Each structure stands twice: as structure tokens, then as C-alpha cells.
Amino acid sequence: MSTFGQKRTFDSPNRGLKMPSLPTRSSQLIGDVITLGPAPLLKSLGFRKKGHHFFRASKDATCHVRFQSSQWNSPDRSSFTLNLWTYLPALAIANGEVIIVEPAKQIFAHCGTRIGHLLPQQEDYWWQISDPSEVPQIADEVRSAVEKYAIPYLEKAVTLQGISELSGYFPGVGCFPTRSKANALRLLGREQEAVAVEHALEVQKKAGASGLGR
């Protein structure tokens, strides 16, 4: 049975990205959901697929949708969520990073979140599935979530303006300073705002080092 709206503790959008490598019953159910629901939509929008990872690359940016299964999955019950992120070569350069050309290796986001923080309840969310009869309903829910929330987020987050607004922002959790946000602002010519974000980032680092502000 679908458990749409289930709450999970917030986590980084790019942690634990690997899906099960063996074709277990639980991973097969998740695969069936992907194939029936979001895959046709994403492919129609120009996304390519590698495993449970969908990406759409252009000269200026790559946007990613990756299905993450829970490490606690069992043969009888599975849960999964969606990680969303974008990668911009211009920001990689501004951040002093080595540019990663291959989309499958772009696991470090310049902007990213999990789908649950974009849903109306704005909290980490995992779908659960335990029986093939549940596949159509959950596939429809996932497709709808991708169409209504994931795609608009990604289309905004592939621009410098979008990065300046969304990087470090997790609805329902808070807004945190990031180096990518600062450099997006700088590339947009908004130097004072970039400096302010960098200052906030230094304050956050010091607070973390002293055990404060967690």
C-alpha cells in the first residue's frame, strides 16, 4: 500500500545514492514503478537513463534525477525516494573544482534537494511498496511528483539565478549558505550579496567547529 506523506529524517540529497545491485524482489518492484511512471515522462523531456539515474546534459548545466532505495529494504518491503541536483561547469570553475564531464560522475551538487522537501508537506519523504499490485498507484504518484515539483525545480536550478535562490535552501528545514550560492551571485555581478553569503558560510563553519549551531 502507498504511504504517500511518510516522514523521514532530513539527509543530504546525495548521500547513499547506490541502488541494490542484485535483482531482488524489492528492487524489481522499484524498477517497475520507475518504468511505468516517471521514466516515459523523463525520456520525453530529453533525459537519458543509466540504471536508476536520469540526467539531461547541455553545454551550461546538467540536471539529475536519481532514485535512491533505503538501506533497510527487505525482500518483503521496499522504500525509495528521489534525489534531485544540478551541476554547472561555470560554478565548478568558480568554486575551484575540477570540471566533471561525465554526468554519471557528477555526484556533487551545486544545487540539490530531495523530492519530499518540494512536496506540500515539505519534509523528507519515502514511498513504500511491498506488492506488485501497488505498482500502478505508486507509479502514478511518482510521475505526478516529478512533473509537478521535480522538473520545475531542476529547470530553475540550471541557471545562475536559480542557483542563487535555491542552493542551500531546503523547504521545511531552512536556508544555508553555500559556496555555489556565493559564486552564482558573483557571476551575476552581485558582489555585495556574494560577500555576505561567504561571511555567513565562515560563521557557520566556525560554529560547527565549536559544536555550536547544529
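Residues numbered from 1 in each chain as written. Predicted model: local features only at pLDDT ≥ 70, side-chain atom pairs only at ≥ 80, totals over all residues. Heavy atoms only, no water.

Novice: Quick question: what am I supposed to make of the packing of aromatic side chains here?
Specialist: Aromatic rings in a pair are described by how distant their centres are and how their planes are angled relative to each other. In this structure the tally under the stated criterion is five aromatic pairs. With a centroid separation of 6.3 Å and an interplanar angle of 50°, the aromatic rings of Phe170 and Phe176 are classed as tilted. The exposure class assigned to Phe170 is buried, which follows from its relative accessible area of 12%. The structure contains a cluster of three or more aromatic residues connected by ring pairs, namely Phe54, Phe67, Phe80, Tyr125 and Trp127. (Phe/Tyr/Trp six-rings, centres within 6.5 Å; stacked < 30°, edge-to-face > 60°. Buried < 20%, exposed > 50% of the residue type's maximum accessible area, 1.4 Å probe, protein only.)

Novice: Sorry if this is basic, but what is going on with the pairing of strand E3 (residues 53–57) here?
Specialist: Moving residue by residue along a regular strand, the side chains alternate between the two faces of the sheet. Examined bridge by bridge, strand E2 (residues 48–50) and E3 share three bridges and lie antiparallel to one another. Residue pairing for E3: Lys50 is matched across the bridge by His53. For E3 and strand E4 (residues 62–69), the ladder comprises five bridges, and the chain directions are antiparallel. The residue of E4 that forms the bridge with Ala57 is Thr62. Counting the residues in the hairpin turn of E3 and E4 gives four residues. (Pairing = 2+ DSSP bridges. Helix = DSSP H or I, 4+ residues; strand = E, 2+ residues; numbered from the N terminus.)

Novice: Looking at this structure, I do not really get the pattern of salt bridges. What am I missing?
Specialist: For side chains bearing opposite charge, pairing can occur when the charged atoms are close. By the definition in use, this model includes nine salt bridges. The salt bridge involving Arg179 is made with Glu97; its shortest N-O contact spans 3.5 Å. Note that Arg179 is positioned in helix H6 (residues 179–187) and Glu97 in the loop between helix H3 (89–94) and strand E6 (111–114), a separation of 82 residues in sequence. With a shortest N-O distance of 2.8 Å, Arg114 and Asp124 are connected by a salt bridge. Taken together, the residues Arg114 in strand E6 and Asp124 in strand E7 (residues 124–125) connect sequence positions 10 residues apart. The pair formed by Arg114 and Asp124 is uniform in burial state, with each residue classed as buried. One salt-bridge network, held together by shared partners, links Arg186, Glu191 and Glu198. (Salt bridge = Lys/Arg side-chain N within 4 Å of Asp/Glu carboxyl O.)

Novice: It is not clear to me how H6 should be interpreted in this structure. Could you clarify?
Specialist: At 3.6 residues per turn, the α-helix brings residues three or four places apart onto the same side. The complete set of buried residues in H6 reads Ser180, Lys181, Ala182, Asn183, Ala184 and Leu185. One or two steps after H6, the chain reaches Gly189, where phi turns positive at roughly 85°.

Novice: I would appreciate a short explanation of unusual backbone geometry in the present structure.
Specialist: Note: most residues except glycine have negative phi, and most peptide bonds are trans. At Gln122, a residue that is not glycine, the phi angle is positive and equals roughly 50°. Along the chain, Gln122 turns up in the loop between E6 and E7. Gln122 sits in the partly exposed class, given a relative accessible area of 37%.

Novice: What exactly am I supposed to notice about the nonpolar core here?
Specialist: In globular proteins that are soluble, nonpolar side chains generally tend to be buried together. Counting residues in hydrophobic clusters, the biggest one holds 39 residues, and the most contacted among them are Val65, Phe80, Leu82, Ile115, Trp127 and Val142. Elements with a minimum of two residues in this core: helix H1 (25–36), helix H2 (38–44), E4, strand E5 (78–87), strand E8 (127–129), helix H4 (135–157) and helix H5 (160–166). Top element by residues in this core is H4. It accounts for 11 residues. Every residue in contact with Val65, bar those within four places of it in the chain, is listed here: Leu42, Phe47, His52, His53, Phe54, Leu82, Asn83, Leu84 and Leu154. (Core = buried A, V, L, I, M, F, W, Y, C linked by side-chain atoms within 4.5 Å. Contact = heavy atoms within 4.5 Å.)

Novice: Explanation requested: H4 in the structure shown.
Specialist: At Val146, H4 is deflected by roughly 40°, the largest bend along its length. Those residues of H4 that sit buried are Val135, Ile138, Ala139, Glu141, Val142, Ala145, Val146, Ala150, Ile151, Tyr153, Leu154 and Ala157. (Bend = angle between axes of the 7 residues up to and from the residue.)

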